[in-house]
Amino acid sequence: MSSTENKPLFLGIGPSTQAISALLTDGEKILAYVEVNYKEALGAKYSGLNEGGFATGPNGLVFTSPWMLLDSLDLVLQKLLNEVGNPVMARICRVAVAAQQHGMWMGNRNFKTCLTSMSPTGNSLGKHFASAFAGTHVTSWMCKAALPYCAEMHELIGSEKLLATTGSTAQPRFLVPQLMRIAKERAGDLASAETIGL
């Protein structure tokens, strides 16, 4: 891959359950692909990760740390940079993230400031966003802890009406049952959240 080409490049970031990947393309062919496995790369720093790259808690809770996800993004981008070099990375004109794995995070009042004050020569993402999250959990799509709140939604709204309105019955990985659970179990985290993302 020549670093003297001027053709714009596109970066795809793929966070999945066990790993995060980065794919660099010119729109016609794949120029580079790298991957970072959460457990292998960050298991020593974030204790409690199982082989799947997440932690578990009571009542079907499945989660990870928002800072682990940011650290993994730093690692995969550094790995890509090591493979292709600065001149090639400088040609990236668009970035897409395939957020196929449902996870919910909550940013506090510092989140937007952290987002708008990012610098390419600053701290790692994990350090830069150290004070930006409401709580320490990113709930995984595999989390079943909100199952009782799905039943509560079905009772309040009605399963058929919910299905007709939203196209689905309530599922524990969905945002509303998770927010209902957090309101009961981690009310302080929810109260300090100003941004909720998936």
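Residues numbered from 1 in each chain as written. Predicted model: local features only at pLDDT ≥ 70, side-chain atom pairs only at ≥ 80, totals over all residues. Heavy atoms only, no water.

Let's talk about the pairing of strand β2 (residues 19–25)
On any regular strand, side chains alternate: one points to one face of the sheet, the next to the other face. Within β2, six of the seven residues are buried, which leaves it mostly tucked inside the rest of the structure. The pairing of strand β1 (residues 9–15) with β2 spans six bridges and is classified as antiparallel. Paired with Pro-15 across the bridge in β2 is Ile-20. Where β1 hands over to β2, the hairpin turn is made up of three residues, counted between the paired strands. Alignment of β2 against strand β3 (residues 30–37), held across seven bridges, turns out to be antiparallel. (Buried < 20%, exposed > 50% of the residue type's maximum accessible area, 1.4 Å probe, protein only. Helix = DSSP H or I, 4+ residues; strand = E, 2+ residues; numbered from the N terminus. Pairing = 2+ DSSP bridges.)

Side note on the packing of aromatic side chains
What the rule picks out here adds up to six aromatic pairs. Plain terms: the ring middles of Trp-105 and Phe-111 are 4.9 Å apart, the flat faces sit at 40° to each other, and that makes the pair tilted. Classification of Phe-111 as buried rests on a relative accessible area of 11%. Seen in terms of ring centroids, Phe-129 and Phe-133 are 6.5 Å apart; in terms of plane orientation they differ by 40°. Their pairing is tilted. For the pair formed by Phe-129 and Phe-133, the shared burial category is buried. Grouped by ring-pair contacts, the aromatic residues Trp-67, Trp-105, Phe-111, Phe-129 and Phe-133 constitute a single cluster. (Phe/Tyr/Trp six-rings, centres within 6.5 Å; stacked < 30°, edge-to-face > 60°.)

Some thoughts on the sheet that holds strand β5 (residues 62–64)
Reading across from one edge, β4-β5-β8-β7-β9 is the order of the five strands in this open sheet, with antiparallel pairing throughout. Taken across any chain shown, the strands that pair with only one partner, and hence form the sheet edges, are β4 (55–56) and β9 (195–197). Pairing of β4 with β5, which is carried by two bridges, proceeds in the antiparallel orientation. Bridge pairing links Ala-55 to Phe-63 in β5. Along the sheet face, helix α8 (residues 175–185) touches β7 (103–107), β8 (138–140) and β9 and points at about 50° away from the line of β7. (Contact = heavy atoms within 4.5 Å. Axes fitted to C-alpha atoms, helices over the stretch in contact; angles between N-to-C directions.)

Observations regarding α8
For α8, the complete set of buried residues consists of Pro-177, Gln-178, Met-180, Arg-181 and Ile-182. Tucked into the core, α8 has its buried residues touching β7, β8, α6 (147–157) and α9 (187–191).

A word on the nonpolar core
Ala-22, Leu-24, Leu-80, Val-84, Phe-129 and Phe-133 are the most contacted members of the largest nonpolar core, which totals 28 residues. Looking at this core, the elements that each hand over two or more residues are β1, β2, β3, α1 (38–42), α2 (66–84), α3 (86–89) and α4 (111–116). The leading source of residues in this core is α2, at six residues. If near-sequence neighbours (up to four positions away) are discounted, Ala-22 is found in contact with Leu-11, Gly-12, Ile-13, Ala-32, Tyr-33, Val-34, Val-76 and Leu-80. (Core = buried A, V, L, I, M, F, W, Y, C linked by side-chain atoms within 4.5 Å.)

Quick look at the side chain of Ser-65
By secondary structure assignment, the location of Ser-65 is in the loop between β5 and α2. Contacts of Ser-65, omitting those with residues within four sequence positions, involve Tyr-46, Thr-136 and Val-138.

Some words on the pattern of salt bridges
Following the criterion strictly, the structure yields six salt bridges and no others. Notably, a salt bridge pairs Lys-29 with Asp-26, separated by 3.3 Å at the nearest N-O pair. A salt bridge links Arg-181 to Glu-185, with the nearest nitrogen and oxygen atoms 3.0 Å apart. With a gap of four residues between them, Arg-181 and Glu-185 both fall in helix α8, about one helical turn apart. Of the residues examined, Arg-181 reaches a relative accessible area of 1% and is grouped as buried. Among the charged side chains, a network of salt bridges with common partners joins Lys-7, Asp-26, Glu-28 and Lys-29. (Salt bridge = Lys/Arg side-chain N within 4 Å of Asp/Glu carboxyl O.)

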